[in-house]
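# Structural overview
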2 protein chains.
Amino acid sequence: MNIYEIAELAGVSIATVSRVMNDSPLVSEKTKKKVRDVIAQNEYTPNVFARGLGLNSMETVGLICPDVADNYMAVAVARLERSLRECGYNCFLRCTGRDHDGCRKELRELLQKRIDAVVLIGSSYADDDPDSEKVEYIRQAASQIPVFMLNGYVRGSNIYCALCNDYESSYSAVSEMIASGRKKPLLLMNARTYSANQKRKGCEEALKDAGLPVEESRILYISGGVEAVTNHLLREQHPDIDAVFAANDILAIGALKYAEKLGLRVPEDLCILGYNNSQFALCTNPELSSIDSRVDRLCDIIVDTLQLRMKDQPVSSQVYAKGSLIRRGTTDF
Amino acid sequence: MNIYEIAELAGVSIATVSRVMNDSPLVSEKTKKKVRDVIAQNEYTPNVFARGLGLNSMETVGLICPDVADNYMAVAVARLERSLRECGYNCFLRCTGRDHDGCRKELRELLQKRIDAVVLIGSSYADDDPDSEKVEYIRQAASQIPVFMLNGYVRGSNIYCALCNDYESSYSAVSEMIASGRKKPLLLMNARTYSANQKRKGCEEALKDAGLPVEESRILYISGGVEAVTNHLLREQHPDIDAVFAANDILAIGALKYAEKLGLRVPEDLCILGYNNSQFALCTNPELSSIDSRVDRLCDIIVDTLQLRMKDQPVSSQVYAKGSLIRRGTTDF
């Protein structure tokens with residue numbers, strides 16, 4: 001009988017078992033009794049050496065993201081690592097690529113390392129349907145340790161999600177865009193992630209509510225950097241657009257360079273809105289208007305939730321932060 | 001007697017002791033004999049449970065950087081993590097801020113976690129003098145595990161450095177700049193790190209060799225983002241400059257926005273050169289010329305060196321990659 005089996009039988013994390021063994025004031029008397037009962041019933045004597053090693057591996061959080069070279073994820077990882085370190089946690093970092101297979105594999109390996117909790121960063125790991133079978137592996141992980149999702153949503157016990165209200169933020173921005181006179185926005189998308197799909201739905205709903213058509217030909221999926229986006233747009237030349245809504249800032253900057261090459265005035269001939277309000281938005285001329293998706297706030301929510309959860313205190317399974325429209329030179333609404 | 005004491009007595013890493021215990025073909029017969037002799041002399045019987053836990057914590061590399069939200073470091077961490085994971089290593093990530101105290105603290109904590117190796121990312125942790133006492137804590141860490149430095153140089157046993165030739169790259173770029181007719185370059189620096197100091201020396205030497213004065217008033221240290229740099233330059237207005245050499249791309253973009261606000265033509269009135277050839281360089285108009293500091297190559301050198309070192313094969317303590325000048329719209333030389 002080891003600490004992991006004790007934790008499982010008591011229905012708590014190994015961190016909690018460790019805290020009970022150390023009589024930590026952070027654990028409720030009720031939980032302490034439950035754990036101590038399991039220990040007593042199973043004649044478990046902590047091995048001093050194993051306990052020492054166990055404690056070493058005990059306060060560890062896995063950070064899983066598709067690609068930390070991506071600015072959004074880099075900002076999230078930096079903030080999560082700093083805050084978690086300040087709370088006494090070590091962070092394992094795993095970059096998985098943007099698919100479920102990569103995440104499943106890294107999650108399985110990290111669980112074998114006996115981490116205490118995991119944060120899944122970005123919405124690549126969520127499915128549009130929060131009850132989808134595709135994310136069953138995340139629910140399975142959550143049966144062992146708390147799972148925190150940054151801007152993704154999977155329904156399940158022991159899964160805690162902090163999200164930007166991407167649907168509402170997109171709906172509201174595109175509604176304003178339309179009210180200012182734009183009728184034919186181009187939607188630039190980079191992926192079919194949970195978050196990207198929320199943005200797309202928000203845009204489409206705003207068009208419908210304004211009595212405008214949703215044209216499939218004005219919804220483009222483009223991957224790659226600024227140059228790839230510009231070249232794609234130059235190849236397809238959409239004469240019939242008066243605005244661009246981009247799911248991230250790199251896409252928007254690609255559109256800005258497209259406008260420059262065609263001699264279009266921004267925002268007069270083409271207004272351009274980015275998403276994430278990253279550092280990139282300040283590099284362009286004119287500077288890029290962008291929806292701030294509040295990544296810092298989402299990180300803070302996750303760290304707060306994680307700390308409460310580790311103390312077995314009640315926490316919400318879903319918390320939203322409101323995106324905010326940052327107006328700069330590429331829009332006039 | 002535990003695995004760590006065996007490793008110390010045998011003068012090898014705990015990973016190597018583990019490999020010898022598992023009779024890994026990666027360890028030389030000579031090293032196997034040495035380790036087995038120490039084990040035999042000390043009547044060491046690996047505890048199966050401890051050995052299991054030991055193996056869990058065995059293949060772990062610490063990645064220490066000042067701030068992973070910084071694009072250069074994000075790119076480095078992403079590439080190192082991916083390559084090391086492919087070689088079977090877990091990565092602990094620690095962000096320390098840009099001083100030795102932060103690094104010393106995180107290094108000490110990670111050593112207690114019994115990591116197998118550590119990579120120090122960026123030149124904040126190196127001193128101009130590779131024999132400086134300020135970096136003695138790095139030499140002490142290297143007495144326990146191999147230390148790898150990405151673009152920093154500290155002299156010492158078991159320390160392996162991969163560097164961009166920042167001095168030569170800067171010297172060569174500024175020499176070309178001068179040859180094309182520029183006489184009064186402004187040097188924009190962000191820090192007094194090892195690498196930044198190499199860049200500055202390269203610039204100064206190029207000026208001297210061309211018979212031009214090195215004016216202290218044309219060397220500025222500015223921290224912060226694009227806006228902070230632009231505002232700083234607008235406050236100080238340097239009428240007497242015809243070029244900018246910036247130690248990173250964000251500084252260069254700040255200078256580009258300064259030129260825009262003053263109505264200066266780029267590159268005709270002011271030519272601007274950045275450093276790192278980051279994604280930011282492609283966001284501006286005109287696009288930014290920049291020295292590619294080969295961060296991907298430095299990461300690959302480190303991973304190759306680490307693998308060889310872990311197999312106790314001979315490795316170089318210092319490997320250089322050549323920076324290369326990427327010409328875009330902000331320069332005309």
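Placed above this text is the structure.
Residues numbered from 1 in each chain as written. Chains lettered and ligands numbered in written order. Predicted model: local features only at pLDDT ≥ 70, side-chain atom pairs only at ≥ 80, totals over all residues. Heavy atoms only, no water.

Across its full length, chain A carries twelve helices and twelve strands. Residue burial in chain A is summarised as follows: out of 333 residues, 58% are buried. Residue pairs in contact within chain A that sit at least 24 positions apart in sequence constitute 72% of those at least 6 positions apart. Counting every atom, chain A has about 13,300 Å² of accessible surface; 46% of that belongs to carbon and sulfur. Between the averaged position of the 40 positive side-chain charges in chain A and that of its 45 negative side-chain charges there is a distance of 2 Å. (Helix = DSSP H or I, 4+ residues; strand = E, 2+ residues; numbered from the N terminus. Buried < 20%, exposed > 50% of the residue type's maximum accessible area, 1.4 Å probe, protein only. Contact = heavy atoms within 4.5 Å. Areas by Shrake-Rupley, 256 points an atom, 1.4 Å probe, with all protein chains shown as cover. Lys, Arg positive; Asp, Glu negative; His and termini not counted. Charge placed at Lys NZ, Arg CZ, Asp CG, Glu CD.)

You can see S124 of chain A is positioned in the loop between β3 (117–121) and α7 (136–142). Ignoring sequence-local partners within four residues, the contact set of S124 of chain A consists of P66, R98, H100 and T193 of chain A.

A separate point is the sheet that holds strand β12 (residues 324–326) of chain B. All names here are of chain B. A sheet is described by the order of its strands in space; here six strands give the open sequence β7-β6-β8-β9-β10-β12, paired in mixed fashion. Taken across any chain shown, the strands that pair with only one partner, and hence form the sheet edges, are β7 (219–221) and β12. Here the average twist between neighbouring strands, direction ignored, is 20°. Judged from the three bridges that link them, strand β8 (residues 243–246) and strand β9 (residues 271–275) form a sheet pairing that is parallel. Bridge pairing in β9 links V244 to I272. Packed onto the sheet, helix α9 (residues 194–209) meets β6 (185–189), β7, β8 and β9 and runs at close to 170° relative to β6. (Pairing = 2+ DSSP bridges. Axes fitted to C-alpha atoms, helices over the stretch in contact; angles between N-to-C directions.)

Residues and elements named next belong to chain B. Along helix α10 (residues 226–236), the positions that sit buried rather than exposed are V226, V229, T230, H232 and L233. Each buried residue of α10 sits inside an arc of 160° when the element is viewed along its axis, so together they form one side. Each element contacted by the buried residues of α10 is listed here: β6, β7 and α11 (249–262). (Arc of directions from axis to C-beta.)

Each of the two chain copies can be brought onto the other by rotation about an axis and movement along it. Expressed as a screw operation, the relation of chain A to chain B combines 0.0 Å of axial shift with a rotation of 180°, fitting to an RMSD of 0.1 Å. A rotation of that kind, with that shift, is consistent with a two-fold axis. The fraction of interface residues of chain A whose copies in chain B are also interface residues reaches 100%, indicating that both copies meet through the same surface. (Least-squares fit on C-alpha atoms with pLDDT ≥ 70 in both.)

The next thing to look at is the pairing of strand β10 (residues 289–292) of chain A. Residues and elements named next belong to chain A. Taken together, the three bridges between strand β9 (residues 271–275) and β10 define a ladder with parallel strand orientation. In the sheet register, G274 faces β10, and the bridge partner there is S290. Where β10 meets strand β12 (residues 324–326), three bridges bridge the pair, whose relative direction is antiparallel. Bridging across to β12, D292 finds its partner in S324.

This part is about the pairing of β6 of chain B. All names here are of chain B. Of all the five residues making up β6, five are buried; the element is thus mostly covered by neighbouring parts of the structure. Here β6 shows two buried faces, one formed by P185, L187 and M189 and the other by L186 and L188. Where β6 lies against β8, four bridges are found, and the strand directions are parallel. If you follow P185 over to β8, its bridge partner there is A243. Across three bridges, the pairing between β6 and β7 is parallel. Bridge pairing in β7 links M189 to Y221.

Turning our attention to the environment of G329 of chain A. Among the secondary structure elements, G329 of chain A is positioned in the segment after β12. A sequence separation of 58 residues divides G329 of chain A from C271 of chain A, and the C-alpha atoms of the two residues are 9.0 Å apart.

The next subject is the packing of helix α10 (residues 226–236) of chain A against helix α11 (residues 249–262) of chain A. Residues and elements named next belong to chain A. Packing of α10 against α11 brings their axes to within 8 Å, and their N-to-C directions diverge by 50°. On the basis of the axis angle, α10 is oblique to α11. The handedness of the crossing between α10 and α11 comes out as right-handed. Between α10 and α11, the contacting residues are V226, V229, T230, L233 and L234 on the first element and I250, L251, I253, G254, A255, K257, Y258, K261 and L262 on the second. Residue composition of the contact of α10 with α11, by class: ten nonpolar, two polar and two charged. (Parallel < 35°, antiparallel > 145°, perpendicular 65-115°, else oblique. Left-handed = near helix turned anticlockwise from the far one by under 90°. Nonpolar A, V, L, I, M, F, W, Y, C, P; charged D, E, K, R; others polar.)

Time to look at empty space enclosed by the protein. Taken as a whole, this structure holds five cavities of 30 Å³ or more when the rule is applied. Here the second largest cavity defines a volume of roughly 60 Å³. (1 Å grid on protein atoms, 1.4 Å probe; cavity = no way out; pocket = protein on both sides within 12 Å on 5 of 7 lines; lining within 4 Å. Points joined across faces, edges and corners; volume = space filled by probe spheres on them.)

Take the packing of aromatic side chains next. All names here are of chain A. In this structure the tally under the stated criterion is eight aromatic pairs over all chains. Where F245 meets Y275, the ring centres are 6.2 Å apart and the plane angle is 70°; that geometry is what we call edge-to-face. You can see F245 sitting in strand β8 (residues 243–246) and its partner Y275 sitting in strand β9, a full 30 residues away along the chain. Grouping residues by exposure puts F245 and Y275 together as buried. (Phe/Tyr/Trp six-rings, centres within 6.5 Å; stacked < 30°, edge-to-face > 60°.)

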